[in-house]
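Read off the chains here:
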Amino acid sequence: MNPNSTPAWKPPELHLPEGLRRKFGSLSKSRLGWALVVLAFALAFLGYDWFRLSSLSSYGYSGQGWKFPTQVYADWLELRAGKPLEASDLKASLVAARYRPTTGKPYAPGQYRMRGSIFEIYLRPFVYPDRTEPGSPTLVEIRDGLVATIGNGFSETTPRGLLRIDPQLLAEFSDEDRERRSFTPLATIPRHVALAAVASEDRRFFSHMGLDLLGIGRATARNMRAGTLVEGGSTISQQLAKNVFLSRQRTFTRKLHEALLAVLIEFRYSKEQILEFYLNQIYLGQRGSWSVCGVEEGALYYFNKHASELTLGEGALLAGIIPSPNRMSPYHDADFAIARRNEVLQDMVECGFISKVEAQRARKTPLRFAPNPAPLTRAPYFVDYVREGLSKDISERDLSTRGLRVFTTLDPRLEDAAERFVREGAHDADGRSPVSGAGRDPAQAALLAIEPQNGAIRAMVGGRDYRISPFNRAVESRRQPGSAFKPFVYVAALDTPFSGRRPPLTAATLLDDVPDSFPTPLGMYAPHNYENTYLGKVTAARALARSLNVATVRMEFLVGLPKVIEMAHALGVESRLREVASLALGTNEVTPMELTTSYATIANGGVMVKPISVRAVLDRGGNLIWTPRRELRRVIRPETAYMATTMLEGPVIYGTASTIRSEFGFTRPAAGKTGTTDDENDAWFVGYTPDLVAGVWVGCDRNRKLGLTGTQAAVPIWARFMEVAHRGKPVRDFQAPPGVIDVWIDADTGYRAGADCPHVMRESFIPTTEPRQVCTVSHESSWFGTEQADSTGALPPGEPDSTAAPTPPAPGDPTPGNPAPPDKTPAPPGI
């Protein structure tokens, strides 16, 4: 440096006192610290928002605005070649599944056409627990009440082994927000539906990065000209951020956060993903107390079709009502909604998404809106039972917000029939009851139907009207079963050939049906028959068929009360049973579920299968997450179960339930037992065929005396329901296991029926226990002798006996309505 040059200018040094120097130095450090804190806070804020955005791609977020209700389905209709099916039933199933008829060949999923006996069905894609239906053209031919052929394609068909029709939606589980939302991938949403939303809500969606400054300016100018809010400037990304993550409050802070989230969303996801999120999240109206969210639910609500089936005009209408769905709803103002559709079509033309010709064609196409009452839960008693059962393994939060798919065992056709017959039967019971008080305590009824082989619940009705009383009497009501409990006594007796008892007790065992008293720890017990009429000596088979009290109690003491209780528990009764002499007459309380399950065990050859209501639960990705624990065990020998079934055919053919055949015309092989409590408060019938078991209870909640028997109140409901349940199915008989023989016996003496015996019954025996001696005793001409009604109640004296059986067959002839195959039921000796 030149020593003669002028030095550069420097700011003057400040000579501060030592205290001030320390103060200013610490202030500089404090500012740096605050800056670091603010930076850390901002980074944490951004990091938190970035982390929250991951919930969009996983569809797992269950916070505000992004919840999926669980959908509960009935069982699906499954078709195979040779299956009995009427064309009307297939058409009804298609209509219930929202398939639409077409005059031409179906060209899109969800359509069908009938050509005589041929159905052309374009199946929808659907994920089942065990397979996925991709959605394809299928041809079904129905001929002579059978599925003749099933093929893939409409013209050049190839054989198809299995066809399923989409199951009906029964109900949805949700939280308190009650949002209906079904996630639909963008690939399955028609292109014109997605582009309609873009043209209407954010026409620069594909070019901006979350914020559209031009759009904001255009909206501001339009609003200023109109003097009111006519257009919003929010992009689709901003709307998505607001609806999913933010509150509805209109504050500067919220708008700032909304803009920030929109930019982050654009950085993190592709335009296709953002549009998919948006179309599944938007609010599209109110259906009763449910919020309709997403284009799938919107399509179902307004047009009764799936989003994949929407036309251009329908998609434009949905896009048009997005700003204010309830005000613009076609159910509120159809003209306004159609005007909005036309505006959206014009927007699409201006964006270059469609041509003017396409827009004009869509404007001229009339819109057909669905008649849409508020959604009602179908089979509400059953749905409540399903939810209670699943909540033991799946949390309520997951059941309400995770969009699970529950596939149940319910047959919707049988459920509809059961609800109708229960409602009519309870109303009829009020009208027929000789006791007043129906106004304050009306008759109620319950019905439960189970497939005995697998325990699947096919119908469940817990009362005459769920809206008035949601109490499920089929599952929760504990009532005395009356004579419907008697089969447990006789099943225990029929098992004695295997327990070493000598002589074994059989259907031909003679019992004294005379007034008597029985010693008990509590004193003498003296049961009595209805109207104090007694038949003297009777076979066990006739005692059960005619529901004789004294004879049944005598059998109970021969077997032993502990054995009867043990048998009832083994077959399916879970309630505590008191060891009292009146046990045989049904004085302990049980539920219809327990009683029906127990009869199902007998129908299933002695294998107890715990009833199930759900086949499987899938998550939203179609992954299997829950299946029922199959609980089955053999509790009695198949020979014992079959002998019990043969005896239980007696009440239907000869006894207290014979009106099933004579009055209601149900002539298939069937077994069962009526029951009426001593005070005539409860009326029962539980019965079964080889395919289905159904239990019916009729009574009053407050124990008002009904004054009707099981024959009068429960049998009509059962018979009408079972007629519908078996319509179109082949007639099947109960199959005897090896080691059992059928023998015609004399109902009075227990001997083999002779040529002149007018009172014969076909019963089953273990070889060497059947009667050997042929009856030669002379008999009275009357089949029933003294009229004996249900064990604990019947028609009032003076009225015709509705339980009288038809005229018995001549010895060796098949019973009317119950023909005996030649290889199964031999004719009595001497014929």
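Residues numbered from 1 in each chain as written. Predicted model: local features only at pLDDT ≥ 70, side-chain atom pairs only at ≥ 80, totals over all residues. Heavy atoms only, no water.

With respect to the overall build of the protein
Helix and strand counts for the protein stand at 24 helices and 31 strands. Split into buried and exposed, the 831 residues of the protein put 55% on the buried side. Counting only contacts in the protein whose residues sit at least 6 apart along the sequence, the fraction spanning at least 24 positions is 69%. Carbon and sulfur atoms make up 55% of the accessible area of the protein, which totals about 36600 Å². (Helix = DSSP H or I, 4+ residues; strand = E, 2+ residues; numbered from the N terminus. Buried < 20%, exposed > 50% of the residue type's maximum accessible area, 1.4 Å probe, protein only. Contact = heavy atoms within 4.5 Å. Areas by Shrake-Rupley, 256 points an atom, 1.4 Å probe, with all protein chains shown as cover.)

Topic: the environment of Ala108
One can find Ala108 in the loop between strand 3 (100-101) and strand 4 (111-115). Exposure remark for Ala108: the relative accessible area of 16% places this residue in the buried category. Through-space distance from the C-alpha of Ala108 to that of Glu309 is 7.2 Å; in sequence the pair is 201 residues apart.

A short note on the pairing of strand 18 (residues 457-461)
The element strand 18 is extensively covered by neighbouring structure, given that 5 of its 5 residues are classed as buried. With 4 bridges connecting them, strand 17 (residues 443-450) and strand 18 associate as antiparallel partners. For Leu448, the partnering residue across the bridge sits in strand 18 and is Met460. Here strand 17 hands over to strand 18 after 6 residues, with Gly455 in that stretch at a positive phi of 75°. (Pairing = 2+ DSSP bridges.)

Description of the sheet that holds strand 12 (residues 169-173)
Read from one edge of the open sheet, 5 strands run 12-1-16-24-25, paired in mixed fashion. The open sheet has two free edges, formed respectively by strand 12 and strand 25 (624-626), since each of these has just one partner strand. Taken over all neighbouring pairs, the strand axes of this sheet differ in orientation by 25° on average, direction set aside. Where strand 24 (residues 614-618) and strand 25 come together, 2 bridges link them in antiparallel fashion. Counted as the bridge partner of Val617 is Trp626 from strand 25. Relative to the sheet, helix 13 (residues 380-390) contacts strand 12, strand 16 (405-408), strand 24 and strand 25, its axis offset from that of strand 12 by approximately 45°. (Axes fitted to C-alpha atoms, helices over the stretch in contact; angles between N-to-C directions.)

Re the pattern of salt bridges
Evaluated as defined, the whole model comprises 38 salt bridges. Measuring nitrogen to oxygen at the nearest pair gives 2.7 Å for the salt bridge that ties Lys537 to Asp512. Placement of the pair is Lys537 in strand 22 (residues 536-539) and Asp512 in strand 19 (residues 510-513), with a sequence separation of 25 residues. Classification of Asp512 as partly exposed rests on a relative accessible area of 27%. With a closest N to O distance of 3.5 Å, Glu770 and Arg772 form a salt bridge. Residue Glu770 is classed as buried on the basis of its relative accessible area of 12%. One continuous salt-bridge network, built from bridges that share partners, spans Asp75, Asp411, Glu451, Arg458 and Arg615. (Salt bridge = Lys/Arg side-chain N within 4 Å of Asp/Glu carboxyl O.)

As for the sheet that holds strand 10 (residues 158-159)
Judged by pairing direction, the sheet is mixed, and its 6 strands sit side by side in the order 3-4-5-8-9-10 without closing on themselves. A strand with exactly one partner marks an edge of an open sheet, and here the two such strands are strand 3 and strand 10. Here strand 3 runs beside strand 4; their pairing, made up of 2 bridges, is parallel. The residue of strand 4 that forms the bridge with Pro101 is Tyr112.

Examining a positive patch on the surface
On the surface, a cluster of positive charge is contributed by Lys83, Arg413, Arg420, Arg423, Arg727 and Lys729. The class of Lys729 is partly exposed, set by a relative accessible area of 39%. (Patch = residues over 30% accessible without salt bridge, like charges linked within 9 Å, V, L, I, M, F, W, Y side chains within 5 Å. Lys, Arg positive; Asp, Glu negative; His and termini not counted. Charge placed at Lys NZ, Arg CZ, Asp CG, Glu CD.)

Topic: the side chain of Thr645
Structurally, Thr645 can be placed in helix 21 (residues 638-653). Excluding residues that lie within four positions of it along the chain, Thr645 makes contacts with Ile602, Ala671, Tyr688 and Phe734.

Concerning the nonpolar core
Counting 93 residues, the largest nonpolar core has Leu390, Tyr490, Met555 and Tyr688 as its most contacted members. Ignoring anything within four residues of it in the chain, the contact list for Tyr688 reads Tyr599, Ile602, Ala603, Thr645, Leu648, Pro669, Ala670, Ala671, Val693, Trp718 and Phe734. Among the nonpolar cores identified, the runner-up in size contains 49 residues, and Val193, Ala299, Ile321 and Ile322 belong to it. (Core = buried A, V, L, I, M, F, W, Y, C linked by side-chain atoms within 4.5 Å.)

Describing the packing of aromatic side chains
For the structure on display, the rule yields 19 aromatic pairs. Judged by centre distance (5.9 Å) and plane angle (70°), the ring pair of Trp76 and Phe407 falls under edge-to-face. Separated by 331 residues along the polypeptide, Trp76 in the loop between strand 1 (70-73) and strand 2 (77-79) and Phe407 in strand 16 bring together distant segments of the chain. Neither Trp76 nor Phe407 differs from the other in exposure class; each is buried. Aromatic side chains Phe518 and Phe557 sit 5.2 Å apart centroid to centroid with 10° between the ring planes, which places their arrangement in the stacked category. With Phe518 in strand 20 (residues 518-520) and Phe557 in helix 18 (residues 549-559), the pair connects residues that are 39 residues apart, well separated along the chain. Each member of the aromatic cluster is reached from another via a ring pair, and the members are Tyr73, Trp76, Phe126, Tyr128 and Phe407. (Phe/Tyr/Trp six-rings, centres within 6.5 Å; stacked < 30°, edge-to-face > 60°.)

A closer look at the state of the cysteines
Applying the stated criterion across every chain yields a total of 0 disulfides. The thiol of Cys757 is not disulfide-bonded; the next cysteine sulfur, from Cys775, is found 3.5 Å away. (Disulfide = S-S within 2.5 Å.)

Looking at helix 3 (residues 191-201)
For helix 3, the tally of buried residues reaches 9 of 11 residues, placing the bulk of the element in the interior. Here helix 3 has its buried residues at Val193, Ala194, Leu195, Ala196, Ala197, Val198, Ala199, Ser200 and Glu201.

Here's the deal with helix 8 (residues 294-303)
In terms of residue burial, helix 8 counts as a mostly covered element, since 10 of its 10 residues are buried. Burial in helix 8 covers these residues: Gly294, Val295, Glu296, Glu297, Gly298, Ala299, Leu300, Tyr301, Tyr302 and Phe303. Immediately downstream of helix 8, the backbone of Asn304 shows phi near 55°, a positive value.

Quick notes on the side chain of Asp202
Assignment of secondary structure puts Asp202 in the loop between helix 3 and helix 4 (213-226). In this structure Asp202 is buried but unpaired, with Lys271 as the nearest side chain of opposite charge at 6.3 Å. Not counting chain neighbours up to four residues away, the residues in contact with Asp202 comprise Ala197, His208, Asp212, Thr235 and Ile236.

What about the confidence of the model for the protein?
Confidence along the protein averages 84 in pLDDT terms, with 81% of residues attaining 70 or more. Within the model, the stretch residues 1-12 combines pLDDT values under 50 with 0 contacts to residues more than four positions away or in other chains. Contacts from residues 58-65, a stretch scored under 50 in pLDDT, to residues over four places away or in other chains number 25 contacts. (pLDDT = per-residue confidence, 0-100.)

A few points about the packing of helix 11 (residues 334-351) against helix 12 (residues 356-364)
Here helix 11 crosses helix 12 at 170°, and the two axes come no closer than 9 Å. In terms of orientation, helix 11 and helix 12 fall into the roughly antiparallel class. Residues Arg341, Asn342, Leu345, Gln346 and Val349 of helix 11 lie in contact with helix 12, whose contacting residues are Lys356, Ala359, Ala362 and Arg363. Residues of the contact of helix 11 with helix 12, tallied by class, amount to 4 nonpolar, 2 polar and 3 charged. (Parallel < 35°, antiparallel > 145°, perpendicular 65-115°, else oblique. Nonpolar A, V, L, I, M, F, W, Y, C, P; charged D, E, K, R; others polar.)

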